[in-house]
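Here are the chains, one letter per residue:
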Amino acid sequence: MKAYLTRMARLEPDSLLAALATGFFALLVTLYFPSQIAAGNRAELTGNFLAPAAVSLAMSIGAAILVWLGVTALPALAARLAAIMLTGAAIAAFALGAFITPYTVDAGVIDGATTQVEFHPFIAIADSAAIAALLAGLAMFHNRLRGPLVTILPVMMLMVTAYSAYLLIAHGPGPAIHAEGEEEVERFYSLHPEENIILILLDEFDSEFMTVLLEEDSSLHELFEGFTFFRDTAGVTTSTAGAMPAIHAGRMLMGDRHLAASYRSHVLEGSFLSEVARNGGDSALVPPMQQICPEGVTCLRRDFLEPDARGLSGEWRVLTEIALFRVAPHALKPSLFRGASWYVTSQGVEDDILILHEFASRLRLGAERPQARFIHLLATHTPWNRDRECGLVEPDNTSIRIALNNMRCAVEGVRTTFEALRAQGVYDSSTILVIADHGARGLPAGMDIVDSGRAALGLGPGHAIRHETGQGFRMPAPGLVADDPFNDPRPLAANPLFMAKPPGARGALRIEDRRAVSLLDVPATICAHTALCGADEGEGVNAFGAPPAQERPRPFLSYQLAAVSSRWLEETVEDIVTPVTLDYSMVLDRGEDAEAALAVQTGPVYEFSRPGMLPGFGLNERWGRWSSQTSAGFTLCPGELSAPVEAFLQGRVYLAESSPRQRIAITVNDRPVFSRAYQHEERADREPQNWRFDIRPGDLDERGCARIGFDLPDAGPPPATWREADVRRLAIGLETLRLAR
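Model, not experiment: these values are computed from the prediction.

Orientation of helix α15 (residues 354-362) relative to helix α16 (residues 400-423), taken along the N-to-C sense of each, is 15°, at an axis distance of 8 Å. Judged by the angle between their axes, α15 and α16 are roughly parallel. The handedness of the crossing between α15 and α16 comes out as left-handed. Of the residues in α16, those in contact with L356, H357, F359 and A360 of α15 are A410, E412, G413, V414, T416, T417 and A420. For the contact of α15 with α16, the per-class residue count stands at six nonpolar, four polar and one charged.

This is the structure:
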């Protein structure tokens, strides 16, 4: 004991270095990076984090003291090894967290959806090797580095502590929302005996998902009694943020290109909920988007049903988990975030369908004024992670089957709500809408929108994307994004769910394919059935009176954000870079023919990087697009020909490891025009390839078109990632097509 106290009094360098490294590491994980993430996502958080930050600071100091006491008791060699390991961990954590995986300003990061990263074995090996090299260097030059590190680490600790305090003070709570006292909560469950408006928004619920669910479960036709399902519905943008002005006020994003200005005018001031409140009704919104609450409306967070489930301390725990995720070596990241929940706290991505179940169980009558409720739920958003019994499974955002499970579980929440409304006798008299803010956009570029790639990809407009259950998923017309400079790979995002029931409507669910509806029509459809709003219905129309598609252009905005900020009402942030407004046109051709959906028009050069769908090919990438199955093709329309012309295809070949060769055969209307077997030893996959063939006047049909087909029997998968095998079957990659007339 005397010797131990003597070593403590001497502040032996190795013990001191180990303690300082521990304190620095703890500050990074529990204070510095959580503060950064909190500042970048302030509008998604609820309170001031100075108190939990102070606790984190105390815990970091305590951890440093405990390590100092423990290492002091070790023999000299063990103390040296401990100092080296802890110092290496602290330096690696700072480098990884600050420079390698800086999840600092990703809006919505705390819901877990944006924390997933693509795992790659090379990166895992690389950063593991770098950490090993760092430890080796610290060991080799330990005596020389120990003194400077003992001086530098306290300075770094002071700096990160001061900067964390600045972030937490400067980025205080976002725009104030209404207090969530017991009175507001109870009022949320109280409806009027005669007049109620209920809007349920199921995020990312694609219209075609509902089509499939209705085919699989006939009871849904009875569940949605009195409803009309408008299948030809156009979204307004690819994102939730861009859709809110349309849903609240029937307005597109403003031309001045500021989300802040648009939200002030169309959400804060112009929402139909505010108009209902001004005209004698009582409106409530769950939750306010980015904490921007419409004037006169009671706004509640998603977690208000279970105030102890998350709250201030729960948020700080999740921020700490994300910080640990940031500083962890690449090989450990999949273990820390398991797609549906965090490893340490087991806190999961919100299953906010519980709000509907709670709403149903506590619903009562007694409100003296007409009521409006807008409930926005994320359980249908990626990551898709439910089985048929609504239990958690490993997320798979490429599986339509798992996506349908998420949608089905959400519909069960809607079922309990409707049953409660019927039990209270107000279902018939209520105006009810069930919508989405955009369609399914979680499917990645370069992958077929099929489940496990087991069936042919159909081609839009209106043709089915087939998967193993036999149902089809309708695609928007290719012209939707043909001029989109951002090359948006999310074509399904433009077809959100839109179902509406006016007061007094009866009978089984009616499916409406003739009327061309837009999300801009939400306020007008609601206000057409109540005297509480309607003075300004925006740019939309009552969906029940919407014209057919050929008579109604519907705008769809593609954009990129120049900046993401936690303060959405500041004029200087949220600029939209070069918005492009496109005319959405949906063709509801439910036929089985997956032929000739996108005709390649012959300009000087056709680039296969253009958005649109080609049968048997994946989605467009910046360079072009890969074939994705053993057969593929497209329709070429050169117009009238008086003599043969030569076609020049430029692209690349993929040689799968599972096959000794890659055979490629090209046909024009089944007439063979090219055939070759590429061998691995030729290394053809390392050089650009050119294919020449002729197109004859007799090849063209009455439209002046011919089908170009590809037979690719050796198509094979690219290397698998840690999460799943790549479902594509690659063979040929097309870049450009040119005709020599």
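Here the narrative resumes.
Moving on to the sheet that holds strand β10 (residues 498-501). In space, the eight strands of this open sheet follow the order β6-β5-β8-β2-β9-β10-β3-β11, with mixed pairing throughout. Both edges of this open sheet fall to β6 (298-299) and β11 (510-512), since each of them pairs with a single strand only.

Our next topic: unusual backbone geometry. Between V286 and P287 the backbone carries a cis peptide bond, its omega angle lying at -10°. With respect to the helices and strands, P287 occurs in the loop between β5 (282-286) and β6. Even without glycine at this site, E204 takes up a positive phi of about 65°. Assignment of secondary structure puts E204 in the loop between β2 (196-202) and α8 (207-216). Its relative accessible area of 0% is what places E204 among the buried residues. Positive phi outside glycine occurs at N669, with the angle close to 50°. Checked against the element boundaries, N669 lands in the loop between β20 (661-668) and β21 (671-679). A relative accessible area of 37% means that N669 is categorised as partly exposed.

Here we come to the environment of L158. Relative to the helices and strands, L158 resides in helix α6 (residues 142-170). Sequence separation of L158 and L27 is 131 residues, and the distance between their C-alpha atoms is 9.9 Å.

What follows covers a nonpolar patch on the surface. A surface patch of nonpolar side chains, about 300 Å² in accessible area, is lined by M140, F141 and L145. Note that F141 resides in the loop between α5 (121-140) and α6. Overall, F141 belongs to the partly exposed group, its relative accessible area being 38%.

The full count for this structure, using the stated rule, is 18 aromatic pairs. Their ring planes at 65° and their centres at 5.4 Å tell us that F418 and Y427 sit as a pair that is edge-to-face. In terms of burial, F418 and Y427 fall into one category: buried. Measuring from ring centre to ring centre gives 6.0 Å for W626 and Y654, while their planes differ by 80°; the resulting arrangement is edge-to-face. With W626 in strand β17 (residues 625-626) and Y654 in the loop between β19 (645-653) and β20, this pair connects stretches of sequence that are 28 residues apart. Relative accessible area serves as the criterion here: at 12%, W626 is assigned to the buried category. Joined through ring pairs, the aromatic side chains of Y32, F33, Y163 and Y166 make up one cluster. A cation sits over an aromatic face here: R422 above Y427, 4.0 Å from the ring centre. When the ring centre of F648 is taken as origin, the NZ or CZ atom of R738, which lies over that ring, is 4.6 Å away.

Another aspect to go through is the pattern of salt bridges. Evaluated as defined, the whole model comprises 21 salt bridges. Here R187 and D282 are joined by a salt bridge, their closest N and O atoms 3.1 Å apart. Remark: D282 occurs in strand β5 and R187 occurs in helix α7 (residues 182-188); sequence separation between them is 95 residues. Owing to a relative accessible area of 8%, D282 belongs among the buried residues under this scheme. Between E512 and R510 there is a salt bridge; the shortest N-O distance is 3.1 Å. One connected set of salt bridges, linked through shared partners, spans R671, D694, R696 and D699.

Calculation rules
Residues numbered from 1 in each chain as written. Predicted model: local features only at pLDDT ≥ 70, side-chain atom pairs only at ≥ 80, totals over all residues. Heavy atoms only, no water. Axes fitted to C-alpha atoms, helices over the stretch in contact; angles between N-to-C directions. Helix = DSSP H or I, 4+ residues; strand = E, 2+ residues; numbered from the N terminus. Parallel < 35°, antiparallel > 145°, perpendicular 65-115°, else oblique. Left-handed = near helix turned anticlockwise from the far one by under 90°. Contact = heavy atoms within 4.5 Å. Nonpolar A, V, L, I, M, F, W, Y, C, P; charged D, E, K, R; others polar. Pairing = 2+ DSSP bridges. Buried < 20%, exposed > 50% of the residue type's maximum accessible area, 1.4 Å probe, protein only. Patch = residues over 30% accessible without salt bridge, like charges linked within 9 Å, V, L, I, M, F, W, Y side chains within 5 Å. Areas by Shrake-Rupley, 256 points an atom, 1.4 Å probe, with all protein chains shown as cover. Salt bridge = Lys/Arg side-chain N within 4 Å of Asp/Glu carboxyl O. Phe/Tyr/Trp six-rings, centres within 6.5 Å; stacked < 30°, edge-to-face > 60°. Lys NZ or Arg CZ within 6 Å of the ring centre and 35° of its normal.

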